[in-house]
Amino acid sequence: KEAENQLRAAHQELEARVEIRTLELAKANKDIRASEEKYRNILENMDEAYFEIDLKGNMKFWNDSTRHIGGFSQSELMNMNYRQYTSPETAKMMSAIFNNIYKTGERGSLYDFELIRKDRSTRNMELSVNLMRNSEGEAIGFRCIARDITERKRAEDALHQSEEKYRLIAE
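This is a predicted model, so every value here is computed, not measured.

### Topic: the overall build of the protein chain
Looking only at helices and strands, one finds five helices and five strands in the protein chain. Ordered by position in the sequence, the α and β elements of the protein chain form the string α-β-β-α-α-α-β-β-β-α. Counting every position in the protein chain, which comprises 171 residues, the buried fraction comes to 29%. Relative to all contacts within the protein chain whose residues are 6 or more apart in sequence, the contacts with residues 24 or more apart total 41%.

Set out below in structure tokens:
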């Protein structure tokens, strides 16, 4: 009888532990969903292009701003290589930056390069790149944030032209 009571008490204690653990897991899942929603909202609402590419430079993930800036559809972006939306000179610069980031693990940037849109028009861009690693620490690709600086570049060019014009008038 005593052994039966001990077994019943142990069973009740185990059920209580399972219930507590179940509640903890439910809270953790809720927290994870809230965190995922937060970051999804950030990516969806930012003006900058956010995208991830593999070690060969092929698109694997992107936000809507990436599509809008380049004018490409979801299916066109899938596995698109950066060499397809940049000039050969820009592609060489990007390759050098990606190689350096791969070797050093340090963040890299590229300022004022031209992105070639689907309609063949161009946009001036700034790019910031970080190395992505898997859970074993192996490099698997790059996280990129690109900002469209076309309007700023045009304003700077107009200012320089205006300054040059007034300098010539003053002379």
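### Considering the pattern of salt bridges
Following the criterion strictly, the structure yields 16 salt bridges and no others. Salt-bridge contacts for D31 lead to K27; the nearest nitrogen and oxygen are separated by 2.9 Å. Of the two residues, D31 and K27 are both situated in helix α1 (residues 2-45); the distance of four residues between them amounts to about one turn of the helix. For K27, a relative accessible area of 51% translates into the label exposed. With a closest N to O distance of 2.6 Å, R152 and E126 form a salt bridge. One end of the pair, R152, is in helix α5 (residues 150-170); the other, E126, is in strand β4 (residues 122-133), with 26 residues separating them in the sequence. The network of salt bridges with shared partners includes E126, R152 and E156.

### Topic: the nonpolar core
F51, M59, Y85, F98, L127, F142 and C144 are the most contacted members of the largest nonpolar core, which has 26 residues in total. Per-element tally for this core: the top contributor is helix α4 (residues 88-104), with five residues.

### Here's the deal with the sheet that holds β4
In space, the five strands of this open sheet follow the order β2-β1-β5-β4-β3, with antiparallel pairing throughout. Both outer strands of the open sheet, β2 (59-62) and β3 (108-116), are each paired with one neighbouring strand and no more. Adjacent strand axes in the sheet meet at a mean angle of 30 degrees, parallel and antiparallel pairs treated alike. The pairing of strand β1 (residues 49-54) with strand β5 (residues 139-148) spans six bridges and is classified as antiparallel. Within β5, the position partnered with E52 by the bridge is R143. Lying over the sheet, α5 contacts β3, β4 and β5, oriented at roughly 130 degrees with respect to β4.

Basis of the calculations
- Residues numbered from 1 in each chain as written.
- Predicted model: local features only at pLDDT ≥ 70, side-chain atom pairs only at ≥ 80, totals over all residues.
- Heavy atoms only, no water.
- Helix = DSSP H or I, 4+ residues; strand = E, 2+ residues; numbered from the N terminus.
- Buried < 20%, exposed > 50% of the residue type's maximum accessible area, 1.4 Å probe, protein only.
- Contact = heavy atoms within 4.5 Å.
- Salt bridge = Lys/Arg side-chain N within 4 Å of Asp/Glu carboxyl O.
- Core = buried A, V, L, I, M, F, W, Y, C linked by side-chain atoms within 4.5 Å.
- Pairing = 2+ DSSP bridges.
- Axes fitted to C-alpha atoms, helices over the stretch in contact; angles between N-to-C directions.

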